[in-house]
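# Analysis of the macromolecular model
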Amino acid sequence: MKKTFSLPRVLLLFALPALFGGLFSSCGEESAESTLFAMDTAISLRITGKNAGEVMPLLEEELRRLDLLLDAEGDSLSSLRETGSLSDPEIAGLLAESLRISGETGGAFDVTVEPAVEAWGFRSGNTRVPSDEELLSLLEKTGYESVRIDGDEIALPAGYSVTFGAVAKGYAGDRLRAIAEENGIVSGVLSLGGNVALLGKKDEKAGKGWSVAVRAPEGGYALTLELSDTNAVTSGSYERYFEKDGVRYHHILDPATLKPAETGLVSVTVVSRNGLLADALSTALFVMGPEGAADYWRSFGEAQKFEILLLTEDHRILASKGLVPLITGVEEPYGELVVIE
Ligand code: AMP
Ligand code: MG
């Protein structure tokens, strides 16, 4: 039987309020909460600050706008797929940043894998295993180097298409954070299907950050991190997959082969103030595998201000140096911690 599964990637450990869409205030500060479904995932928003109740609808509106704009089935990307061209300043900007990250990751991150995502059935849900010949021929319709951007104008060769599946939520988190901060929000958690954007601290006075749990593929969580004013984004092979003839096929594709990346990792978490970068890199580093990811962090982690945490199939945790002091709890069987430095 073919089946796809989709699980949230990062669990938030703080008690989720029973009542969503609520507004309450204390000490002159207001808090507001909302849950909605967008970008193919459950989203929960919780903000505290002056006028939180007025800011919340702005966040919801922005999410709905981005949901339509960045959806692979939406008007903009469908038109780009069908005609090979599109004029849109925001999509051109996001695509330009995506291409820059593709170059830097040696093509491990590549939004032009879309025809292969579709061939595997991850877009439509009609999952299947494409033949090697089919994937070989699709390699001629993928490759970020062939995308042209001139100002707001995007041009793709015939047969090409793009998906923002690996960056849309990270980008949305950055946009929501900007709107919230411009409007006086000092603290909050924006949880987009597991991409978590954290504003401020959980308890400013006590200096306590938010507790974020990284999911274990077996269920439950592998460890928790105490984080403030940043983003935690996880890509995992357990998020979306199907099984055929006893083999499991997941949704993170190696652009070099257009097959699911099998590198001994089960998940990659990237922590960075830049949500778009964290989202793109969580996907790219998964494709690169443990050694490639560690080398990438050594080359770019300091300059680009991101930290990484990898979970391996054999239950090891590999964490870059800066993240190690923020690990607050490790669950069995994830005992062994390897520090990347
Ligand atoms: P994420 O969950 O952020 O790792 O994104 C995975 C989604 O991005 C998949 O469901 C595909 O739609 C798309 N995708 C898969 N492989 C890649 C890749 N190597 N580069 C960019 N996008 C990808
Ligand atoms: Mg991603």
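Whatever comes next refers back to the structure up there.
Starting from 1, residues in each chain are numbered consecutively following that chain's sequence as written. Labels follow written order: the first chain is A, the first ligand is 1, and so on. Per-residue local features are limited, in this predicted model, to residues with pLDDT of at least 70; the limit for side-chain atom pairs, both in listing and counting, is 80 or more; totals at the level of whole chains, interfaces and linings are taken over all residues. Values reported for side chains reflect all heavy atoms of the structure, with hydrogen atoms and water molecules removed beforehand.

### So, the overall build of the protein chain
To keep it simple, the criterion reads: Each helix corresponds to a stretch of at least 4 residues labelled H or I by DSSP, and each strand to a stretch of at least 2 residues labelled E; elements are numbered beginning at the N terminus. In this description the radius of gyration comes from C-alpha coordinates, and the expected globular size is given by 2.2 Å times residues to the power 0.38. Each residue's exposure class comes from its accessible area (1.4 Å probe, protein chains only) as a fraction of the maximum for that residue type: buried when under 20%, exposed when over 50%, partly exposed otherwise. We call two residues in contact whenever any of their non-hydrogen atoms come within 4.5 Å of each other. Areas reported here follow the Shrake-Rupley algorithm with a probe of radius 1.4 Å; residue values treat only the protein chains shown as occluding. For the purpose of charge, His is not counted, nor are the chain termini; Lys and Arg are scored as positive and Asp and Glu as negative. Just so you know, the charge point we use is NZ for Lys, CZ for Arg, CG for Asp and CD for Glu.
Within the protein chain, the regular secondary structure consists of seven helices and 21 strands. Since a compact globule built from 341 residues should have a radius of gyration of about 20 Å, the 20 Å found for the protein chain is in line with a globular shape. Along the first, second and third principal axes, the C-alpha atoms of the protein chain reach 65 × 45 × 45 Å. Counting the 341 residues in the protein chain, one finds 52% classified as buried. Across the protein chain, contacts joining residues at least 24 apart in sequence account for 61% of those joining residues at least 6 apart. When the accessible area of the protein chain is evaluated, it comes to approximately 14,800 Å², of which 50% is carbon and sulfur surface. Looking at the protein chain, you have 30 positive and 52 negative side-chain charges, and the mean spots of the two groups are 3 Å apart.

### Description of the packing of helix α3 (residues 89-104) against helix α7 (residues 275-304)
To be explicit about the condition: Whenever a helix is involved, its axis is fitted only over the stretch in contact; in every case the axis is a line through C-alpha atoms, and angles between N-to-C directions fall within 0 to 180 degrees. If you view the pair so one helix is near and one far, a crossing is left-handed when the near helix is turned anticlockwise from the far one by less than a right angle, and right-handed when it is turned clockwise. Residues are grouped as follows: nonpolar covers Ala, Val, Leu, Ile, Met, Phe, Trp, Tyr, Cys and Pro; charged covers Asp, Glu, Lys and Arg; every other residue, Gly included, is treated as polar.
Where α3 meets α7, the axes come as close as 10 Å, and the angle between the chain directions of the two elements is 65 degrees. Crossing angle aside, the handedness with which α3 passes α7 is left-handed. Residues Leu94, Glu97, Arg100, Ile101 and Glu104 of α3 form the contact with α7, whose own contacting residues are Leu276, Leu277, Ala280, Leu281, Tyr296, Phe300 and Gln304. For the contact of α3 with α7, a count of residues per class yields eight nonpolar, one polar and three charged.

### Observations regarding the pairing of strand β9 (residues 195-199)
What counts is decided by this rule: Strands are labelled as partners when DSSP assigns at least two bridges between them.
The element β9 is largely enclosed, with a buried count of five among its five residues. Side chains Asn195, Ala197 and Leu199 of β9 all project onto a buried face; the interleaved residues Val196 and Leu198 project onto the opposite face, where all are buried too. Pairing of strand β8 (residues 185-192) with β9, which is carried by five bridges, proceeds in the antiparallel orientation. Each residue of the ladder has a partner; that of Leu192, found in β9, is Asn195. Counting the residues between successive antiparallel strands, the hairpin from β8 to β9 contains two residues, one of them, Gly193, with a positive phi of roughly 55 degrees. Relative to strand β12 (residues 231-236), β9 runs antiparallel, the two being bridged by two bridges. In the sheet register, Val196 faces β12, and the bridge partner there is Ala232.

### Comments concerning the packing of aromatic side chains
Applicable threshold: A pair of Phe, Tyr and Trp rings is counted when the ring centres sit within 6.5 Å of each other, with Trp represented by its six-membered ring. The angle between the planes then sorts it: under 30 degrees is stacked, over 60 is edge-to-face, the rest tilted. Two conditions define a charge located above a ring, namely a distance within 6 Å from the ring centre to NZ of Lys or CZ of Arg, and an angle within 35 degrees of the ring normal.
Inspection of the entire model under this criterion finds six aromatic pairs. Taken together, Trp120, Phe122, Phe242 and Tyr249 form an aromatic cluster joined through their ring pairs. The lysine or arginine in question, Arg248, covers the ring of Tyr241, its NZ or CZ lying 3.9 Å from the ring centre.

### Some details on the nonpolar core
To keep things clear, this is the line we draw: Residues belong to a common nonpolar core when they are buried Ala, Val, Leu, Ile, Met, Phe, Trp, Tyr or Cys residues joined through side-chain atoms within 4.5 Å.
Leu59, Leu70 and Phe164 are the most contacted members of the largest nonpolar core, which has 71 residues in total. In terms of residue count, the dominant contributor to this core is α7 (13 residues). If sequence neighbours within four positions are ignored, Leu70 has contacts with Met39, Leu77, Ile91, Leu94, Phe164, Ala168 and Tyr171. Counting residues in hydrophobic clusters, the runner-up holds 21 residues, among them Val214, Leu223, Leu309 and Ile327.

### Concerning the pairing of strand β4 (residues 41-49)
Bridge count between strand β3 (residues 29-38) and β4: nine bridges; the pairing is antiparallel. Counted as the bridge partner of Leu36 is Ile43 from β4. Counting the residues that bridge the hairpin from β3 to β4 gives two residues, and of these Met39 lies at a positive phi of roughly 50 degrees. Sheet analysis places β4 next to β8, joined by seven bridges and oriented antiparallel. Following the sheet pairing, Arg46 is matched in β8 by Val189.

### Observations regarding the sheet that holds strand β6 (residues 148-150)
Spatially, β5-β7-β6 is the arrangement adopted by the three strands of the open sheet, whose pairing is antiparallel. Looking at strand neighbours, the two that pair on one side only are β5 (85-87) and β6, the edges of this open sheet. Here the average twist between neighbouring strands, direction ignored, is 15 degrees. Two elements, β5 and strand β7 (residues 153-155), share three bridges in a ladder whose sense is antiparallel. Note on β7: the bridge partner recorded for Ser87 is Glu153. Sheet strands touched by helix α2 (residues 75-83): β5 and β7. Its angle to β5, the strand with the most contacts, is close to 140 degrees. Each of β5, β6 and β7 touches α3; the most contacted strand, β6, lies at about 130 degrees to it.

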